[in-house]
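The chain contents come next:
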Amino acid sequence: RWLTCKSLPPGTLERIADTIADRLRVPWFSGAVKINVSLVPPLVLLPVFLHVAALHFLLGLIILTSLPVVVLWYYYLTHRRKERTLFFLSLGLFSLGYMYYVFLREVVPRGHVEHSQVVTLTCGLILMLAALSRAKKDPGYLPIPAGNEKPSHQGLHNKSIRGSSSGLHGISGAASSRAVNGEAKGYCRMSAEQPAGVKKDWCTKCQLVRPARAGHCRLCGRCVRRLDHHCVWINSCVGEQNHQAFILALSFFMLTSVYGITLTLHTICRGRSLFVALFYCPGAYSDYSSALSFTCVWYCAIVTAGMGYILLIQLLNISYNVTEREARLALRDNTGRRLLGGLVIDTGQYNRGLLCNWGHFLSLGASPPQRSAEDIV
């Protein structure tokens, strides 16, 4: 019907795509294993595009310009539909592996890279993957009530909201947070995490009381302590428990990528500085090996520039003790100050100075001090 330009019932193409995705399986000893369709495009298209781009300078210019556009388009498509996808994670991991493979096969055999430099690059890659593995773990999810049912404390919580003038709102909120979440430690960080006047709030989706700075991720469907943002590159949230590992993974990636770009350019464009060789390397397309290496360098440079921008924003936010989620809410409510040309939004709510802000960030994930019943009362 589609080929003959006839009308299709709503949702027909989506059902066909879902059926194909369900039938796409690989035989295995314990039974056919289903393949996530979002894993296939990076594994197939990235090597094809890079090899085609290495054929001619104009082809390289067109492909390397269109790739970021396609990735951004797919990001906004999935973000608008509130869908989780492994496309970005698989693209990042496969890009790392393929760039390392091209480096070992096309650059190292030229004899201008020393073994110690290869070992250094390999160690940086391993450290980055280790930090990424840590960042993929629990970002600080709040416990969901047993059975995912509405807890009995919801009625008490609603009553406390209606009758907050009776003076019991703070006590019932604190009791609900401990009873609903099943924790005895509490969530309060008195100095930097939860200043005076900041109250806990109720999440209607997770049916629990959230501590200050926690937020609900609409992609994961969970509430996260000190939610910063949902990162598509790790297919997980960045929160209190994995924010440090996320920054560490970005830092190792930047150092390793810049080091690998430097080694490659010094090999195929000898006698030129790094910046000049990136834009002017006359012998880059003299043979296919050099052309492929130069194309991969530019691909790495584009990815590194994007990740460098993310890292810069993260470091600025840490310096002002603000999360991405809080910055978006401040922009929406017009309650924050734009600083440094709009790169950072200072809400002023948790900012305690540069040193205190970084000290607070480096202590994330540590067990909060227990509060006595007298302090709660």
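Scroll up for the structure.
Here the structure is a predicted model, which is why all the values come from computation and not from measurement.

Parameters and conventions
- Residues numbered from 1 in each chain as written.
- Predicted model: local features only at pLDDT ≥ 70, side-chain atom pairs only at ≥ 80, totals over all residues.
- Heavy atoms only, no water.
- Disulfide = S-S within 2.5 Å.
- Helix = DSSP H or I, 4+ residues; strand = E, 2+ residues; numbered from the N terminus.
- Buried < 20%, exposed > 50% of the residue type's maximum accessible area, 1.4 Å probe, protein only.
- Phe/Tyr/Trp six-rings, centres within 6.5 Å; stacked < 30°, edge-to-face > 60°.
- Lys NZ or Arg CZ within 6 Å of the ring centre and 35° of its normal.
- Core = buried A, V, L, I, M, F, W, Y, C linked by side-chain atoms within 4.5 Å.

(A) Seen up close, the state of the cysteines. Under the counting rule described, the total for this entry stands at one disulfide. With a sulfur-sulfur separation of 1.6 Å, cysteine 269 is cross-linked through a disulfide to cysteine 281. An S-S torsion of about -105 degrees defines the bridge between cysteine 269 and cysteine 281 as left-handed. A residue pair is termed long-range when its members are at least 10 positions apart, and cysteine 269 in the loop between α8 (243-268) and α9 (274-279) and cysteine 281 in the loop between α9 and α10 (288-319) qualify at twelve residues. The class for cysteine 281 is buried, based on a relative accessible area of 11%. The thiol sulfur of cysteine 217 is not disulfide-bonded, and the nearest other cysteine sulfur, from cysteine 237, lies at 3.3 Å. Among the residues examined, cysteine 217 registers a relative accessible area of 6% and is labelled buried. With no disulfide of its own, cysteine 231 lies closest to cysteine 237 among cysteine sulfurs, the gap being 9.8 Å. With a relative accessible area of 7%, cysteine 231 lands in the buried category.

(B) Focus on unusual backbone geometry. One non-glycine residue, arginine 226, adopts positive backbone phi at about 45 degrees. Along the chain, arginine 226 falls in the loop between β6 (222-224) and β7 (229-231). Taking the relative accessible area as the measure of exposure, arginine 226 reaches 3% and is therefore buried. Positive phi, close to 55 degrees, is recorded for asparagine 235, a residue that is not glycine. Along the polypeptide, asparagine 235 turns up in the loop between β7 and β8 (236-238).

(C) Local environment of the packing of aromatic side chains. For the structure on display, the rule yields 14 aromatic pairs. Geometrically, the ring pair formed by phenylalanine 94 and tyrosine 98 is stacked, given 6.0 Å between the ring centres and 25 degrees between the ring planes. Taken together, the residues phenylalanine 94 and tyrosine 98, both in helix α4 (residues 87-107) and four residues apart, mark about one turn of the helix. For tyrosine 98, a relative accessible area of 10% translates into the label buried. Considering the side-chain rings of tyrosine 98 and tyrosine 101, the 6.1 Å spacing of their centres and the 35 degrees angle between planes classify their relative orientation as tilted. Of this pair, tyrosine 98 and tyrosine 101 both sit in helix α4, separated by three residues, roughly a single helical turn. Through successive ring pairs, a cluster of aromatic residues spans Tyr74, Tyr75, Tyr76, Phe87, Phe88 and Trp233. One cation-aromatic arrangement involves arginine 213 over tyrosine 350; the distance from NZ or CZ to the ring centre is 3.9 Å.

(D) Inspection of the nonpolar core at higher detail. Counting residues in each nonpolar core, the largest one holds 31 residues, and the members touching the most others are Leu50, Met99, Leu265 and Tyr299. Contributions of two or more residues to this core are made by α2 (40-53), α3 (57-80), α4, α8, α9 and α10. In terms of residue count, α10 provides more of this core than any other element does, eight residues in total. By size, the runner-up hydrophobic cluster in this structure holds 21 residues, among which are Leu132, Cys231, Ala249 and Ile318.

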